[in-house]
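Working through the structure, step by step
For reference, the chains in residue letters:
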Amino acid sequence: MATGLEWDESYRLGIEGIDLQHIRLFEIVGRIAALDAISSTKEQLKEILGELSDYMREHFRDEEKYMQSIKYPDYEYHNKLHNEIIDFVKTSVSNAPSIAMIQTKLKFIIKKALIDHIVQEDTKIKLYALKANTFEDDCVIDLIG
């Protein structure tokens, strides 16, 4: 059953390492969306949310290394967006009283923090790399542990 939180090939940047990380973020989010609001425990949810938070931080760190490596001119702004996303996710989730409410909020969070960010902001990194002739589709692979 589609939840609107699935990876779509239209989100692909063509930067293999970043795309793989984006796909992994969607997989983690999918596990949260798949939790049963009645039978799932808050401990299960907390574990997956912790994984999402940790992986999001790792992804942002790697993406920022990539931006620095190509001398992306809007690095500071993009870094600020990353910090805002982390704060937004943490605040939104911690204020939700139930698994069902977290899942509802998650749809909005993912739309704003993942999909819109990829489509609007991460695409600018790719366009800059293409224009500056520094685009290589595998250049982030070394950054992924």
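That block above? That's the structure.
The following paragraphs examine the structure supplied in this document. (Residues numbered from 1 in each chain as written. Predicted model: local features only at pLDDT ≥ 70, side-chain atom pairs only at ≥ 80, totals over all residues. Heavy atoms only, no water.)

Quick look at the overall build of the chain
Of the regular secondary structure elements, the chain holds four helices and zero strands. Secondary structure elements of the chain occur, N-terminal to C-terminal, as α-α-α-α. Burial analysis of the chain (145 residues in total) assigns 41% to the buried set. Of the roughly 8200 Å² of accessible surface on the chain, a fraction of 53% belongs to carbon and sulfur atoms. (Helix = DSSP H or I, 4+ residues; strand = E, 2+ residues; numbered from the N terminus. Buried < 20%, exposed > 50% of the residue type's maximum accessible area, 1.4 Å probe, protein only. Areas by Shrake-Rupley, 256 points an atom, 1.4 Å probe, with all protein chains shown as cover.)

What to know about the packing of helix α1 (residues 16-34) against helix α2 (residues 42-69)
Between α1 and α2, the shortest axis-to-axis distance is 10 Å and the interhelical angle comes to 165 degrees. By the angle class used here, α1 and α2 are roughly antiparallel. The handedness of the crossing between α1 and α2 comes out as left-handed. On the side of α1, the interface is formed by Ile 18, Gln 21, His 22, Arg 24, Leu 25, Ile 28, Val 29, Arg 31 and Ile 32, while α2 contributes Leu 45, Ile 48, Leu 49, Glu 51, Leu 52, Tyr 55, Met 56, Glu 58, His 59, Asp 62, Glu 63 and Tyr 66. Taken together, the residues that form the contact of α1 with α2 break down as 12 nonpolar, three polar and six charged. (Axes fitted to C-alpha atoms, helices over the stretch in contact; angles between N-to-C directions. Parallel < 35°, antiparallel > 145°, perpendicular 65-115°, else oblique. Left-handed = near helix turned anticlockwise from the far one by under 90°. Contact = heavy atoms within 4.5 Å. Nonpolar A, V, L, I, M, F, W, Y, C, P; charged D, E, K, R; others polar.)

Details of the pattern of salt bridges
In the structure shown here, the tally under the stated rule is seven salt bridges. In this structure, Glu 9 engages Arg 12 in a salt bridge whose closest nitrogen and oxygen atoms are separated by 2.6 Å. A relative accessible area of 49% places Glu 9 in the partly exposed class. The exposure class of Arg 12 is partly exposed, given its relative accessible area of 37%. Members of the salt-bridge network, linked through shared partners, are Glu 9, Arg 12 and Asp 19. (Salt bridge = Lys/Arg side-chain N within 4 Å of Asp/Glu carboxyl O.)

Structural notes on the packing of aromatic side chains
Working definition: an aromatic ring pair is given by the centre-to-centre distance plus the angle between the planes. The tally for this structure, following the rule as stated, stands at four aromatic pairs. Ring plane angle 75 degrees and centroid distance 5.7 Å describe the contact between Trp 7 and Phe 26, whose orientation is recorded as edge-to-face. On the criterion of sequence distance, the pair formed by Trp 7 in the segment before α1 and Phe 26 in helix α1 is long-range, its members being 19 residues apart. Centroid distance Tyr 72 to Tyr 128: 5.7 Å. Interplanar angle 75 degrees. Geometry classified as edge-to-face. (Phe/Tyr/Trp six-rings, centres within 6.5 Å; stacked < 30°, edge-to-face > 60°.)

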